[in-house]
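Geometric and topological summary
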Amino acid sequence: MNNVNVKFAEEAREKIIEGVNLIVDAIQVSFGPDGKQVAIQNPNGVKLTKDGATIAMAVNDPDPYVSMGIDLIRNVSKATADSVGDGSSTVTILAREIINQFKDCKNPIELSRKLQAHVKESLEYLESKKTEIKSQEDLFKVATLSANNDPTIGKIIAEAYYKVGKDGLVTFEESEEIADRVEYTSGFRIESGYSSPYFINTPKGECVLEDVFVYVSDTKMEEVKEVITLADKAMKMHKSLLLVAPGFDSEIYIFLKANLDLLKSGTVITPNYRNYRQIMTDDIKDILGESCICQKVISTNQYTTFIGCSSNKESIDKKVVELRAILEEKSVSPFDLDFAKKRLANFTSGIATIKVGGWSQTEISSKMDLYEDAINSTHQALIGGILPGGGKGLEAMVAPLPMDLYKFNTVLETPSRLLNTKEETWESMMEKGIIEPFNTCKTTLENATSIACQILSCDCAIISNYNTQF
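Residues numbered from 1 in each chain as written. Predicted model: local features only at pLDDT ≥ 70, side-chain atom pairs only at ≥ 80, totals over all residues. Heavy atoms only, no water.

1. Concerning the overall build of the protein
- For the protein, the helix and strand inventory stands at 17 helices and 14 strands.
- Here the C-alpha coordinates of the protein stretch approximately 65 × 60 × 55 Å along the principal axes.
- Here the protein holds 470 residues, and the buried ones make up 50% of them.
- Taking the contacts inside the protein whose residues are at least 6 apart along the sequence as the reference set, 76% of them involve residues at least 24 apart.
- Summing over all exposed atoms, the protein offers an accessible surface of approximately 22,800 Å²; the carbon and sulfur share of this is 50%.
- Taking the 51 positively charged and 67 negatively charged side chains of the protein as two groups, their mean positions are separated by 1 Å. (Helix = DSSP H or I, 4+ residues; strand = E, 2+ residues; numbered from the N terminus. Buried < 20%, exposed > 50% of the residue type's maximum accessible area, 1.4 Å probe, protein only. Contact = heavy atoms within 4.5 Å. Areas by Shrake-Rupley, 256 points an atom, 1.4 Å probe, with all protein chains shown as cover. Lys, Arg positive; Asp, Glu negative; His and termini not counted. Charge placed at Lys NZ, Arg CZ, Asp CG, Glu CD.)

2. Quick look at a nonpolar patch on the surface
- Together, Val-6, Phe-8 and Ile-462 line one region of the surface with nonpolar side chains, adding up to about 280 Å² of accessible area.
- Locating Ile-462 in the fold gives a position in strand 14 (residues 460-464).
- Classification of Ile-462 as partly exposed rests on a relative accessible area of 48%. (Patch = residues over 30% accessible without salt bridge, like charges linked within 9 Å, V, L, I, M, F, W, Y side chains within 5 Å. Salt bridge = Lys/Arg side-chain N within 4 Å of Asp/Glu carboxyl O.)

3. Brief notes about the sheet that holds strand 9 (residues 293-299)
- What the eight strands build is an open sheet, ordered 4-11-5-10-9-6-7-8; its pairing is mixed. On the outer flanks of this sheet lie strand 4 (169-174) and strand 8 (265-269), each paired with one strand and no other. Going from strand to strand, the sheet's axes swing by 40° on average, the running direction of each strand aside.
- Bridge analysis of strand 5 (residues 181-190) against strand 10 (residues 304-309) gives four bridges, and the strand direction is antiparallel. Note on strand 10: the bridge partner recorded for Ile-190 is Thr-304.
- Of the strands in this sheet, strand 4 and strand 11 (350-356) touch helix 13 (residues 361-384), which is tilted by about 170° from strand 4. (Pairing = 2+ DSSP bridges. Axes fitted to C-alpha atoms, helices over the stretch in contact; angles between N-to-C directions.)

4. Some details on the pattern of salt bridges
- One pass over the full model with this rule turns up 29 salt bridges.
- Between Arg-96 and Asp-25 there is a salt bridge whose closest N-O contact spans 2.7 Å. Of this pair, Arg-96 sits in helix 4 (residues 90-102) while Asp-25 is found in helix 1 (residues 9-28), placing the two residues 71 residues apart along the sequence.
- In this structure Asp-25 comes out as partly exposed when scored by relative accessible area, which is 45%.
- Note that Lys-236 and Asp-232 form a salt bridge whose closest N and O atoms lie 3.2 Å from each other. Separated by four residues within a single helix, Lys-236 and Asp-232 lie in helix 8 (residues 224-236), roughly one turn from each other.
- Residue classification places Asp-232 among the partly exposed positions, given a relative accessible area of 37%.
- Linked by salt bridges that have partners in common, Glu-173, Glu-177, Arg-181, Glu-183, Lys-296 and Lys-355 make up one network.

5. Here's the deal with the nonpolar core
- Counting residues in hydrophobic clusters, the biggest one holds 47 residues, and the most contacted among them are Ile-23, Ile-98, Leu-126, Phe-408 and Leu-445.
- If you list the elements that add at least two residues to this core, you get helix 1, strand 2 (38-42), helix 2 (52-58), helix 3 (64-84), helix 4, helix 5 (108-127), helix 15 (408-418) and helix 17 (438-456).
- Among the elements that make up this core, the one with the highest residue count is helix 17 (nine residues).
- Beyond its immediate sequence surroundings of up to four residues, Phe-408 is in contact with Ile-98, Phe-102, Leu-115, His-118, Val-119, Leu-401, Leu-445 and Thr-449.
- Residues Phe-213, Val-227, Val-244 and Val-320 belong to the second largest nonpolar core, which totals 44 residues. (Core = buried A, V, L, I, M, F, W, Y, C linked by side-chain atoms within 4.5 Å.)

Printed below as a string of structure tokens:
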């Protein structure tokens, strides 16, 4: 029978908050353009990084109660990075500050309700002040700031996004060369990732396949015999195999997993936009072309990106004309209009792949983290607009508050205090090109408030399989 140990009330919260402080202290070392590198020992050697989400994944403590706080902050850091691609450090710093400012609150449930309402209202005000990306120079500013003020990375990303456009895709991968460069290819992305973790084959938790034979099915794949035939075809062509279908029988997963040493493979469930799955299936087939061969496919837990597709130009041009005609129709519903825009983007946008080089594996690894954050930030800026960086967006939400909430203003001022931008103004930061995406600011504040309120309302901590040495 499992041993169970329980801590209550303040004793439980103090242990959890100890974990919060430990992980945030480590993350804060790398915070901002003047932040320092953090060295992480792992089975593959030592990694130097300034990426908050990467640092968060590495922090541990032998005390299981302290580990609770670490895990909660680690999860919110990862969730923020997964959602908007950046803000993984800021969200942890804000969460800790909320906890520290309100840890003596007698009614955390009421506090949570009031804070959530205030954050929603404040973000609506902030959204009214954002501006849109207007030039390649704006792209450069966002990318450079997110890449820890590296103008070389900022320039490469800005040029890549400028060429592929708002609906285009920018990805990155390791290169054996010294200098970074960009390759432009055809391709598209669907909002559906790998359907089973069996096929993850990179340290980043992705399924990456190269020189891929893609089979797209209109119906759920249930027969292993069919998959054996497709696998045999892929192996004869010396290709890896990707299956795209509305669903898969469990036996198919078992077969593919058992043969991963012989055939690199993956599975993706066709996205279903309000029962428009067949339309998405037909679009994928059209873009892939008759040969259904791609240079590369990258599946995360959220998206699948097809790079270097062998499309049929006549078929693509015909679809583009059809979709543009839909966009001009006045009777089209808002959802159908948005769906047509997404489909058109798949048919007309390209992919820029940044080849990241360097003198050593340590340098390349560190640059890869910078590219990931900067690419994601630039994308968020394109789709959601920009604000001044350096914490000035959050600081702009400082306002007169009732006695039970007034400490929240201190929370909003924390990033600008840590970044030494208190003397700057909204206008001066914009003029200096120190800007950040509105979506990043919004998501970090929402997520930080949510996790902090949950921790403050925790009144019991339970550890199963408890080790009594603690």
